[in-house]
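Geometric and topological summary
Below, each chain spelled out in residue letters.
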Amino acid sequence: VTSCGKTPKLENGQEAVVTIKDGEDISVDALYEEMKDTYALSVLLDMIDTQLLEKLYPAGDEEKEYLDSQVSQFQYYYEAYYSTQYDSLESFLYAMYGVQSEDELREVLSLSFKRQEATKDYAAELLEDDEIEEYYEENIIGDMKASHILITADYKDGASEDEIKDAKDKAYEKAMDLIKELNDAKDDQVEELFAKLAKEHSKDGSASKGGDLDWFSGGDMVKPFEEATIKLEIGEYTAEPVETEYGYHIILKTGQKDKKALKDVKEEIVDALVEEKLQEDDKLQIKALAALREEHGIEIQDKELKKQYKTYLDNNK
């Protein structure tokens with residue numbers, strides 16, 4: 001950007017940005033000095049990271065899909081909510097996000113995507129083998145097979161809290177009545193009766209199959225459902241209804257496979273732990289990019305901007 005701590009000079013540095021008939025013209029250098037304390041560091045880091053990350057993270061299919069998806073969302077929000085306020089997508093983008101075209105928007109989104117990828121790689125490098133092994137022991141399970149009966153609370157939109165509670169209480173009681181019916185059945189009749197009750201009472205698409213959900217792996221089901229299924233033995237059903245956002249479930253576990261070897265799920269575990277680290281530390285991206293700039297020998301020469309950058313990093317440790 002500059003050298004020897006001097007103010008940077010552009011080729012047209014001595015030319016006026018603005019001429020004032022009855023005053024002093026404003027030069028490129030004067031404009032830069034005025035902006036230096038407020039905008040220059042942010043713009044500079046964008047320029048540095050764009051150069052650096054374009055080499056380290058060349059655009060691929062995943063980035064293209066991300067950009068296309070994000071641009072489509074912006075277009076949707078403009079057409080659905082803002083088309084009466086702004087006469088074009090471009091004016092909307094400029095007013096809301098400071099970019100003047102779809103191409104500029106894609107550039108901003110591309111830099112954001114690459115920064116996210118760099119941060120994930122940095123977080124992955126921080127992981128220790130024992131963290132991965134601990135996650136494997138505690139969280140990785142073999143695929144399970146289950147059937148369920150879903151009883152929903154029936155209430156209308158706009159229902160009062162009392163009406164909602166009453167509907168939930170009725171749904172819970174109905175689920176408990178079905179469990180009592182299962183309790184009265186002989187062991188060798190449970191699966192057949194469960195399927196019959198599912199067809200008659202379940203409010204889920206699986207009802208026509210007797211509640212059969214087929215095989216599923218960790219993360220496929222909502223957490224309360226998954227946790228309850230893990231605790232069951234094959235052939236055992238839940239002693240009480242399991243509440244989820246969908247209603248009350250009676251779950252019958254019908255199968256359990258051995259979990260995969262660590263080497264086969266290591267990538268999945270790393271991804272999960274990286275997401276945990278991103279949630280736990282909101283400064284992680286700043287740290288990751290600072291480390292990457294240092295690793296690649298990037299050094300700010302301008303004394304004032306160098307000082308600002310140090311303060312910025314110190315404030316985000």
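Because the structure is a prediction, the values reported are computed rather than measured.

Structural notes on the overall build of the protein chain
A count of helical and extended segments in the protein chain gives 11 helices and 6 strands. Its C-alpha radius of gyration of 30 Å places the protein chain more than 25% over the 20 Å reference for a compact globule of 317 residues. Considered along the principal axes of its C-alpha atoms, the protein chain spans approximately 100 × 55 × 35 Å. Taken over 317 residues, the protein chain has a buried fraction of 33%. Contacts in the protein chain between residues far apart in sequence, at least 24 positions, make up 66% of those at least 6 positions apart. Of the roughly 20900 Å² of accessible surface on the protein chain, a fraction of 46% belongs to carbon and sulfur atoms. Each charge class in the protein chain was averaged separately, 39 positive and 79 negative side chains, and the resulting centres sit 1 Å apart.

Digging into a nonpolar patch on the surface
On the surface, V17, V18, I20, I26, L31, M35, Y39, V43 and M47 cluster together into a nonpolar patch covering about 770 Å² of accessible area. Within the residue set of the nonpolar patch, elements represented by two or more residues are strand 1 (16–18) and helix 1 (28–56). Here the nonpolar patch takes 5 residues from helix 1, the largest share from any one element. Secondary-structure assignment places Y39 in helix 1. Given the relative accessible area of 53%, Y39 is considered exposed.

Looking at the sheet that holds strand 4 (residues 212–216)
Spatial strand order, 4-3-6-5: 4 strands in an open sheet with antiparallel pairing. With one partner strand each, in any of the chains shown, strand 4 and strand 5 (242–244) form the two edges of the open sheet. Put simply, the sheet's adjacent strands are angled 40° from each other on average, direction ignored. The sheet contact formed by strand 5 and strand 6 (residues 247–256) spans 3 bridges and is antiparallel.

Things to note about the confidence of the model for the protein chain
Overall, the prediction assigns the protein chain a mean pLDDT of 92, with 95% of residues at 70 or greater. Put simply, strand 1 is where the protein chain has its lowest mean pLDDT, 73, and strand 3 (residues 144–151) is where it has its highest, 98.

Notes on the nonpolar core
Core analysis: the largest hydrophobic core is formed by 18 residues, its most contacted members being I149, L182 and I250. Where this core is concerned, the elements lending two or more residues are strand 3, helix 6 (161–183), helix 7 (190–201) and strand 6. By residue number, the principal contributor to this core is helix 6, which donates 6 residues. Once you skip the residues sitting within four places of it in the chain, I149 turns out to touch L178, F194, L197, A198, S202, Y248, H249 and I250. Membership of the second largest hydrophobic core comes to 12 residues, among which are A123, Y135, V265 and L273.

Here we look at the environment of D46
Position of D46 relative to the elements: it lies in helix 1. A residue is classified by how much of its surface remains accessible, and D46, at 30% relative accessible area, is partly exposed. Separated by 66 residues in the primary sequence, D46 and S112 place their C-alpha atoms 9.8 Å from one another. Setting aside residues no more than four positions away along its own chain, D46 makes contact with L111 and R115.

A few points about the pairing of strand 6
Counting buried residues along strand 6, 8 of its 10 residues qualify, which places the element largely inside the surrounding structure. Pairing of strand 3 with strand 6 involves 8 bridges; the strand directions are antiparallel. The partner of I149 across the bridge, within strand 6, is I250. The hairpin formed by strand 5 and strand 6 contains 2 residues between the paired strands.

Rules of the game
- Residues numbered from 1 in each chain as written.
- Predicted model: local features only at pLDDT ≥ 70, side-chain atom pairs only at ≥ 80, totals over all residues.
- Heavy atoms only, no water.
- Helix = DSSP H or I, 4+ residues; strand = E, 2+ residues; numbered from the N terminus.
- Rg over C-alpha atoms; globule rule 2.2 N^0.38 Å.
- Buried < 20%, exposed > 50% of the residue type's maximum accessible area, 1.4 Å probe, protein only.
- Contact = heavy atoms within 4.5 Å.
- Areas by Shrake-Rupley, 256 points an atom, 1.4 Å probe, with all protein chains shown as cover.
- Lys, Arg positive; Asp, Glu negative; His and termini not counted.
- Charge placed at Lys NZ, Arg CZ, Asp CG, Glu CD.
- Patch = residues over 30% accessible without salt bridge, like charges linked within 9 Å, V, L, I, M, F, W, Y side chains within 5 Å.
- Salt bridge = Lys/Arg side-chain N within 4 Å of Asp/Glu carboxyl O.
- Pairing = 2+ DSSP bridges.
- Axes fitted to C-alpha atoms, helices over the stretch in contact; angles between N-to-C directions.
- pLDDT = per-residue confidence, 0-100.
- Core = buried A, V, L, I, M, F, W, Y, C linked by side-chain atoms within 4.5 Å.

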